[in-house]
Every structure is written in C-alpha cells, then in structure tokens.
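Remarks on the overall topology
Chain by chain, the residues:
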Amino acid sequence: MTDEHTHEAHSVDDLAPQATRDIADVAAVEVITTAAVHLMSAAAVKCGLAAEPGAADHLDLDEARKLINALAALVTTAAPDIGNQHARSLRDGLRSLQLAFREASVYPDAPGEGPGESFTGAVS
C-alpha cells in the first residue's frame with residue numbers, strides 16, 4: 001500500500017465517528033421520510049414518470065413493483081410512529097404511484113393484487 005492509499009484509509013476511518021455523530025442528530029421521522037422519498041422517486045422513474053424527455057425509456061414495471069411494495073410496507077408500518085402529517089403525504093404519493101403503475105401496465109393486476117396493495121388494500 002502506498003502512502004497515498006494509507007492516507008485515504010485513515011481519512012475514511014476518521015470520518016466514521018463524525019458520520020455517527022451526524023446521524024445521531026437526525027430524528028427517526030426524518031430518516032424514515034427520507035427513505036420513503038427515495039423509494040418514491042425511484043418508483044416514479046421506473047413507472048416512466050420522470051420529468052425529462054424520453055422518460056418512458058426508463059419504464060421498468062418489474063423494478064417499479066419492488067420499489068412500490070417496499071414503499072407501501074414502510075409507509076404502512078411507520079405511519080403510527082411518524083404521525084398523520086407525514087404519513088398522509090407519503091400515503092398520497094404511494095397511491096399516485098400505485099395508480100400510475102396500473103395505468104402503465106399492459107395487463108393490470110386484479111384489484112387488491114397490485115404493487116403494495118397487500119399493505120394498503122385495493123387502490124382505485
């Protein structure tokens with residue numbers, strides 16, 4: 001290992017305690033909502049909803065289904081802990097994604113069997 005690589009390793013090791021302190025200062029509700037927003041954004045892109053030209057090129061409903069399922073599980077289970085104010089907007093975003101998924105599907109799932117609907121119930 002060169003001195004440069006040794007220096008880089010020490011720098012990364014030195015950052016770990018700072019990262020731990022930084023994350024310790026973040027409220028759980030912020031971590032949960034941030035994770036949910038990342039899942040929402042990724043699912044929107046996979047549903048072909050990106051705001052850029054050629055967004056349909058990113059359409060991947062298999063990937064979108066996985067992301068929406070994970071989002072639905074997170075939102076449903078976290079809702080009592082994060083409070084109605086946060087949960088309501090996440091539920092609205094989730095519902096919009098579920099409807100967009102249904103619209104993008106050539107063969108839509110039966111009611112109650114779409115992505116995340118095992119957690120949220122049928123979306124229409």
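My aim in this report is to walk through the structure given alongside it, one point at a time. (Residues numbered from 1 in each chain as written. Predicted model: local features only at pLDDT ≥ 70, side-chain atom pairs only at ≥ 80, totals over all residues. Heavy atoms only, no water.)

Side note on the pattern of salt bridges
Where side chains of opposite charge bring their charged atoms close, a pairing between them can arise. Rules: Salt bridge, as used here, is a side-chain nitrogen of Lys or Arg placed within 4 Å of a carboxyl oxygen of Asp or Glu. Secondary structure follows DSSP: runs of H or I at least 4 residues long count as helices, runs of E at least 2 residues long count as strands, and numbering of each begins at the N terminus. Each residue is placed in one exposure class: buried if its accessible area under a 1.4 Å probe, protein chains only, is under 20% of its type's maximum, exposed if it is over 50%, and partly exposed if it falls in between.
Across all of its chains, the model carries four salt bridges by this definition. The residue D62 makes a salt bridge to K66 at a minimum N-O spacing of 3.3 Å. Residue D62 and its partner K66 are both found in helix α3 (residues 61-82); the two are separated by four residues, about one turn of the helix. The exposure class assigned to K66 is partly exposed, which follows from its relative accessible area of 47%. Between E63 and K66 there is a salt bridge, and its shortest N-O distance comes to 3.5 Å. With E63 and K66 both in helix α3 and three residues apart, the pair spans about one turn of that helix. Among the charged side chains, a salt-bridge network with shared partners connects D62, E63 and K66.

A word on the packing of α3 against helix α4 (residues 84-104)
What counts, and what does not: Between the N-to-C directions of two axes lies an angle of 0 to 180 degrees, each axis being a line fitted to C-alpha atoms and, for a helix, fitted only over the stretch in contact. For classification purposes, an angle smaller than 35 degrees is called roughly parallel, one larger than 145 roughly antiparallel, one from 65 to 115 roughly perpendicular, and anything else oblique. If you view the pair so one helix is near and one far, a crossing is left-handed when the near helix is turned anticlockwise from the far one by less than a right angle, and right-handed when it is turned clockwise. Any two residues whose heavy atoms approach within 4.5 Å at even a single point are treated as in contact.
Between α3 and α4, the shortest axis-to-axis distance is 10 Å and the interhelical angle comes to 160 degrees. Compared by their axis directions, α3 and α4 come out roughly antiparallel. Relative to α4, α3 is oriented so that their crossing is left-handed. Residues L61, A64, R65, I68, L71, A72, V75, A79 and I82 of α3 lie in contact with α4, whose contacting residues are N84, H86, A87, L90, R91, L94, L97, Q98, F101 and A104.

Structural notes on the nonpolar core
The cut-off we apply is this: Here, nonpolar core means buried Ala, Val, Leu, Ile, Met, Phe, Trp, Tyr and Cys residues that are tied together by side-chain atoms lying within 4.5 Å of each other.
Membership of the largest hydrophobic core comes to 19 residues, with the highest contact counts inside it found for I68, L71, L90 and L97. At nine residues, the largest contribution of residues to this core is made by α3. Ignoring anything within four residues of it in the chain, the contact list for L97 reads M40, A43, A44, C47, L49, I68 and L71.

Some points on helix α2 (residues 28-46)
How we decide: Expected span, for any helix, means 1.5 Å times one less than how many residues it has.
For α2, with 19 residues, the first-to-last C-alpha span of 27 Å sits near the 27 Å given by 1.5 Å per residue. Next to the buried residues of α2 lie α3 and α4. Trailing α2 by a residue or two, G48 shows a phi angle of about 80 degrees, which is positive.

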